[in-house]
Amino acid sequence: MISLLNLQSDKVKYNPNHLFDTLIRRLHLKNDAALAKMLDVAPPVISKIRHLRLPIGASLMISMHEISGLTIKELRALMGDKRETFRITDSQLKSTLAKSRPKSKEQSMSHQY
């Protein structure tokens, strides 16, 4: 069997379909709907990821790791993700933090009326 970590060549492109197809074969599932059920997501989520309209999120990667026994690095290699590290820019971090901060008492009271 080919080592999953050897898929890191320049010829491998991002392809979540390869990841899903491998999981379906590995878990002996019938189709995407069965995979969605195992991952506890709606079937359209798998379809949107397959058609590159939705990225694979961290929670979905963790779920795939838990049900398959593959490492996150192996899962990323299967879909052609060759990044060694993940970076977030300062502006992305600031916008994420701003959205997660609780509103002040004055702001929340003004929206009540």
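Structure: above.
Residues numbered from 1 in each chain as written. Predicted model: local features only at pLDDT ≥ 70, side-chain atom pairs only at ≥ 80, totals over all residues. Heavy atoms only, no water.

Q: Tell me about the nonpolar core, and please be specific about residues and values.
A: In this structure, Leu 19, Phe 20, Leu 23, Leu 35, Ile 56, Met 64 and Leu 75 are the most contacted members of the largest nonpolar core, which totals 19 residues. In terms of residues, this core owes the most to one element, helix 1 (residues 16-26), which gives four residues. Other than its neighbours up to four places away in sequence, Leu 35 contacts Phe 20, Leu 23, Ile 24, Leu 27, Leu 29, Ile 46 and Ile 67. (Core = buried A, V, L, I, M, F, W, Y, C linked by side-chain atoms within 4.5 Å. Buried < 20%, exposed > 50% of the residue type's maximum accessible area, 1.4 Å probe, protein only. Helix = DSSP H or I, 4+ residues; strand = E, 2+ residues; numbered from the N terminus. Contact = heavy atoms within 4.5 Å.)

Q: Tell me what's going on with unusual backbone geometry, and back it up with residues and numbers.
A: Glycine aside, a negative phi is what most residues show, and trans is what most peptide bonds show. At His 28, a position not held by glycine, the phi torsion is positive, near 55 degrees. Structurally, the position occupied by His 28 is in the loop between helix 1 and helix 2 (32-39). Not every positive phi belongs to a glycine, and Leu 52 is a case in point at roughly 60 degrees. Structurally, Leu 52 is set in the loop between helix 3 (43-50) and helix 4 (58-68). For Leu 52, a relative accessible area of 58% gives the class exposed.

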